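What follows is each chain in one-letter form.
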Amino acid sequence: MAAIQAVLERVWSDEQLKNNLFNNPKDVLAEFGMKLPDSVAVEVHENTSNLMNYVLPNFDEIPAGVDLEKVDPVAGKIMKKALTEAAFKTQLLADPKSAIASAADIQLPDSVDIRVYEDTPTVKHLVVPANPADAELNDLELEAIAGGAGKGGSDKVQVSGGSVLPGVYDLEFLEGM
């Protein structure tokens, strides 16, 4: 976890490193001791106050024994549905906002754009959250707090199995590679 925090702190304070992360993610991650096989590409996405990026993991990469709904009831419900219902997964990837709203029976603010990516065996997606020191809460985060959910993991880097909604997985799996 220390390496993850180190990456975040450097990315949030060093614009050149941040640019390098977007342009050469595997090289930057390797500098922090997190290596991926040559056969795997990494795409980096950044959350802003009006844009939330989420990653749908490969079903096979979800750690054994993890109950997604216990980790995060809303995200878990959405992820389970996407992993078991092809039509919903297609809708989630094409129109995440309406798919999430209908599956979770929630209304998402118009001011927030949501994008969902799918990890594959050869492409992993890394989501860099907005720096909490710089960011104001967006409408989605305000709604989560009003509903008692807190900020929901927005201070984590999410990659490969990052959640459809915040808080399920992060870069920890890379630390041992």
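Remember, it's a predicted structure, so these values are computed and weren't measured experimentally.

J.: Explain unusual backbone geometry to me, please; I cannot follow it from the model alone.
T.: Comment: phi is negative for the bulk of residues other than glycine, and the bulk of peptide bonds are trans. Its identity as a non-glycine residue notwithstanding, D105 has a phi of 55°, on the positive side. Relative to the elements of secondary structure, D105 occurs in the loop between α7 (96–104) and β3 (113–118).

J.: Is there a simple way to explain the pattern of salt bridges in this structure?
T.: Between side chains of opposite charge, pairing is possible as soon as their charged atoms come close. Applying the stated rule across the entire model yields six salt bridges. Measuring nitrogen to oxygen at the nearest pair gives 3.8 Å for the salt bridge that ties R10 to D14. Across the salt bridge formed by D113 and R115, the nearest N and O atoms sit 3.3 Å from each other. Relative accessible area serves as the criterion here: at 39%, R115 is assigned to the partly exposed category. One connected set of salt bridges, linked through shared partners, spans D67, E69 and K80.

J.: Whenever I open this one, the nonpolar core confuses me. Can you help?
T.: A general tendency of soluble globular proteins is for nonpolar side chains to be buried together. Counting residues in hydrophobic clusters, the biggest one holds 18 residues, and the most contacted among them are I78, F88, L92, I100 and I114. Where this core is concerned, the elements lending two or more residues are β2 (51–56), α5 (73–84), α6 (86–94), α7 and β3. Ranked by size, the runner-up nonpolar core spans 15 residues in total, among them V28, F32, L126 and V128.

J.: Just to check I follow, could you spell out α7 for this structure?
T.: Each α-helix winds once per 3.6 residues, and so residues spaced three or four apart point in a common direction. Within α7, burial applies to P96, A99, I100, A101, A103 and A104. Of the surrounding elements, those touching the buried residues of α7 are α5, α6 and β3. Where α7 terminates, the next one or two residues include D105, which has phi positive at roughly 55°.

J.: Is there a simple way to think about the side chain of H125 in this case?
T.: When you line up the elements, H125 lands in strand β4 (residues 123–128). We classify H125 as buried; its relative accessible area is 5%. At 2.8 Å, the side chain of H125 and the side chain of H45 are in polar contact.

J.: Is there a simple way to explain the packing of α6 against α7 in this structure?
T.: Relative to each other, α6 and α7 sit at 130°, their axes nearing to 5 Å. Here α6 is positioned oblique relative to α7, judged by the angle of their axes. Packed against α6, whose contacting residues are F88, Q91, L92, L93 and A94, the element α7 presents P96, S98, A99, I100, S102 and A103 at the interface. A breakdown of the residues in the contact of α6 with α7 according to their chemical character gives eight nonpolar, three polar and no charged.

J.: Is there a simple way to think about the environment of T84 in this case?
T.: By the secondary structure assignment, T84 is in helix α5. Taking the relative accessible area as the measure of exposure, T84 reaches 61% and is therefore exposed. Placed 25 residues apart in sequence, T84 and F59 show a C-alpha to C-alpha distance of 9.1 Å.

J.: What am I meant to see in the confidence of the model for the protein here?
T.: Low pLDDT marks regions whose predicted coordinates should not be analysed in detail. When pLDDT is averaged along the protein, the result is 76, and 73% of the positions lie at 70 or above. Averaged over each element, pLDDT in the protein is lowest for strand β5 (residues 158–159) (37) and highest for α6 (96). Note that residues 145–177 has pLDDT below 50 and, in this model, 120 contacts with residues that lie over four places away or in other chains.

J.: Sorry if this is basic, but what is going on with the pairing of β2 here?
T.: Two faces belong to every sheet, and in a regular strand the side chains alternate between them. In terms of burial, β2 is a largely internal element, six of the six residues being buried. With burial as the criterion, each face of β2 is covered, one bearing L51, N53 and V55 and the other bearing M52, Y54 and L56. Where β2 and β3 come together, six bridges link them in parallel fashion. Across the sheet, Y54 pairs through a bridge with V116, a residue of β3.

Definitions and cut-offs
- Residues numbered from 1 in each chain as written.
- Predicted model: local features only at pLDDT ≥ 70, side-chain atom pairs only at ≥ 80, totals over all residues.
- Heavy atoms only, no water.
- Helix = DSSP H or I, 4+ residues; strand = E, 2+ residues; numbered from the N terminus.
- Salt bridge = Lys/Arg side-chain N within 4 Å of Asp/Glu carboxyl O.
- Buried < 20%, exposed > 50% of the residue type's maximum accessible area, 1.4 Å probe, protein only.
- Core = buried A, V, L, I, M, F, W, Y, C linked by side-chain atoms within 4.5 Å.
- Contact = heavy atoms within 4.5 Å.
- Polar contact = N/O pair within 3.5 Å; in protein donor to acceptor, adjacent residues only side chain to side chain.
- Axes fitted to C-alpha atoms, helices over the stretch in contact; angles between N-to-C directions.
- Parallel < 35°, antiparallel > 145°, perpendicular 65-115°, else oblique.
- Nonpolar A, V, L, I, M, F, W, Y, C, P; charged D, E, K, R; others polar.
- pLDDT = per-residue confidence, 0-100.
- Pairing = 2+ DSSP bridges.

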